[in-house]
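As a plain string of letters, each chain reads:
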Amino acid sequence: MELVALRTFQAVVEEGGILAAARKLNTVQSNVTARIRRLEEELGAELFFRKGRGLELAPPGRVLLDYSRRLLMLERQTAAAVRQVGEATGELRIGAMETFAALHLPRALKAVRAAHPGIELRVFTDTSARLADRAIQHKLDCACIAGPVIHPELEFSELLVEELVQVHAAGHDPLQQPLILFREGCAYRTRALAWQRSQGHALADAMEFGTLEGILGCVAVGLGWTLMPRRVVEQSPHAADLVVETVPPAIAAVPTGMIRLREAPPLAALATLAAALQEGA
């Protein structure tokens with residue numbers, strides 16, 4: 001099996017079809033189709049069910065997808081490890097919750113850039129659950145998420161304990177307002193819903209936003225209340241319009257750390273990132 005064939009197969013799966021995969025790979029559809037057929041011939045199995053113009057992963061395809069992700073990640077990590085013997089080059093893919101990215105990443109990324117100028121840094125923000133999934137799928141080298149994290153494929157290293165606080169606008173009673181949340185998969189969302197239940201709020205009375213500033217902006221004008229890390233609120237441009245109240249430690253204290261695959265080889269740039277984050281915690 002050639003790695004280019006595995007990349008093509010993975011692109012077809014992730015993009016949802018031959019045409020989209022060809023666009024992503026900057027090639028023509030016939031090349032994508034030929035590589036998939038050659039891969040099926042080599043393996044002696046059909047990787048997709050073909051339904052009209054659509055494709056659906058067959059059981060052998062699901063097995064290959066898992067192994068192809070591992071092989072392609074290993075190829076990338078091997079290249080990075082070899083390059084680190086001399087001048088470090090390559091790519092470091094970092095995931096982070098939006099709040100963590102806003103508070104802690106800039107200074108740490110500056111330290112990585114200074115120590116490893118040849119490394120290209122790519123940052124992705126999402127919920128803790130989605131970032132963990134991306135790490136398991138070999139799409140991220142590491143991710144900074146809310147813990148604790150217990151998973152057989154992931155290693156979790158605690159960096160700090162974030163304090164969540166209840167936030168609402170001055171002159172508004174949060175008991176009479178809806179909860180404003182990040183999307184499903186956010187660890188803060190789970191704690192906010194638990195705190196909501198304990199305070200007698202109606203569980204159905206909630207709004208969802210995808211950005212940190214969207215949530216705090218709406219809270220600041222009195223549209224609802226939320227739970228957010230204290231430091232995020234203190235640094236927000238809306239801070240003057242927000243009232244901060246403490247919540248019990250079981251809700252407030254959120255261990256936050258870095259996850260990476262247990263089987264992944266050590267990367268010098270990743271060690272620099274972790275050390276910089278701990279120093280700035």
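Cut-offs and rules
- Residues numbered from 1 in each chain as written.
- Predicted model: local features only at pLDDT ≥ 70, side-chain atom pairs only at ≥ 80, totals over all residues.
- Heavy atoms only, no water.
- pLDDT = per-residue confidence, 0-100.
- Helix = DSSP H or I, 4+ residues; strand = E, 2+ residues; numbered from the N terminus.
- Axes fitted to C-alpha atoms, helices over the stretch in contact; angles between N-to-C directions.
- Parallel < 35°, antiparallel > 145°, perpendicular 65-115°, else oblique.
- Left-handed = near helix turned anticlockwise from the far one by under 90°.
- Contact = heavy atoms within 4.5 Å.
- Nonpolar A, V, L, I, M, F, W, Y, C, P; charged D, E, K, R; others polar.
- Phe/Tyr/Trp six-rings, centres within 6.5 Å; stacked < 30°, edge-to-face > 60°.
- Buried < 20%, exposed > 50% of the residue type's maximum accessible area, 1.4 Å probe, protein only.
- Lys NZ or Arg CZ within 6 Å of the ring centre and 35° of its normal.
- Salt bridge = Lys/Arg side-chain N within 4 Å of Asp/Glu carboxyl O.
- 1 Å grid on protein atoms, 1.4 Å probe; cavity = no way out; pocket = protein on both sides within 12 Å on 5 of 7 lines; lining within 4 Å.
- Points joined across faces, edges and corners; volume = space filled by probe spheres on them.
- Patch = residues over 30% accessible without salt bridge, like charges linked within 9 Å, V, L, I, M, F, W, Y side chains within 5 Å.
- Areas by Shrake-Rupley, 256 points an atom, 1.4 Å probe, with all protein chains shown as cover.
- Core = buried A, V, L, I, M, F, W, Y, C linked by side-chain atoms within 4.5 Å.

## Here's the deal with the confidence of the model for the protein chain
A low pLDDT score tells you not to read the predicted coordinates there in detail. Per-residue confidence for the protein chain gives a mean pLDDT of 87; residues scoring 70 or more make up 94%. Mean pLDDT across the secondary structure elements of the protein chain bottoms out at strand 8 (residues 206-208), with 82, and peaks at strand 5 (residues 142-146), with 94.

## What to know about the packing of helix 1 (residues 3-15) against helix 2 (residues 18-25)
Axis separation between helix 1 and helix 2 bottoms out at 8 Å; the angle between their running directions is 120 degrees. Between helix 1 and helix 2, the angle falls in the class oblique. For helix 1 against helix 2, the interelement crossing comes out right-handed. Of the residues in helix 2, those touching helix 1 at Thr8, Ala11, Val12, Glu14 and Glu15 are Ile18, Ala20, Ala21, Lys24 and Leu25. Looking at the contact of helix 1 with helix 2 residue by residue, the classes come out as 6 nonpolar, 1 polar and 3 charged.

## Here's the deal with the packing of aromatic side chains
Scanning the model with the defined rule gives 1 aromatic pair in all. Between phenylalanine 9 and phenylalanine 48, the aromatic rings sit 5.7 Å apart at their centres with planes inclined by 55 degrees, giving tilted as the arrangement. Taken together, the residues phenylalanine 9 in helix 1 and phenylalanine 48 in strand 1 (residues 48-51) connect sequence positions 39 residues apart. The pair formed by phenylalanine 9 and phenylalanine 48 is uniform in burial state, with each residue classed as buried. The positively charged end of arginine 70 is found above the aromatic ring belonging to tyrosine 67, 5.2 Å away from the centroid.

## Re the pattern of salt bridges
Per the stated rule, a full pass over the model turns up 14 salt bridges. One salt bridge connects glutamate 14 with arginine 69, and the closest N-O pair in it is separated by 3.9 Å. Linking glutamate 14 in helix 1 with arginine 69 in helix 4 (residues 59-83), this pair joins segments that are 55 residues apart in sequence. Relative accessible area serves as the criterion here: at 29%, glutamate 14 is assigned to the partly exposed category.

## Side note on unusual backbone geometry
With omega at 0 degrees, the peptide bond leading from glycine 147 into proline 148 counts as cis. Here asparagine 26, not a glycine, exhibits a phi torsion of approximately 60 degrees, which is positive. Inspection of the secondary structure assignment puts asparagine 26 in the loop between helix 2 and helix 3 (29-43). Within the chain, histidine 138 stands out as a residue other than glycine whose phi angle is a positive 65 degrees. Inspection of the secondary structure puts histidine 138 in the loop between helix 7 (128-136) and strand 5. For histidine 138, a relative accessible area of 8% puts it in the buried group.

## Structural notes on empty space enclosed by the protein
Tallied over the entire structure, the rule returns 2 cavities of 30 Å³ or more. The space that makes up the largest cavity amounts to roughly 50 Å³. Looking at the largest cavity, the residues that line it are Ile180, Leu181, Phe182, Cys186, Tyr188, Arg189, Ala192, Ile215, Thr226, Leu227 and Met228.

## Re a nonpolar patch on the surface
Together, Met1, Leu3, Leu43, Val63, Tyr67 and Leu71 make up a nonpolar patch on the protein surface, roughly 550 Å² of accessible area in all. In this fold, tyrosine 67 is placed in helix 4. Overall, the relative accessible area of 47% leaves tyrosine 67 in the partly exposed class.

## Considerations on the nonpolar core
Ranked by size, the top nonpolar core spans 54 residues in total, and within it Phe100, Met228, Met258, Leu273 and Leu277 carry the most contacts. The contacts of methionine 258, once residues within four sequence positions are left out, are Cys142, Ala143, Cys144, Glu155, Phe156, Ser157, Leu159, Leu270, Leu273, Ala274 and Leu277. With 17 residues, the next largest nonpolar core counts Ala11, Val12, Ile36 and Leu65 among its residues.

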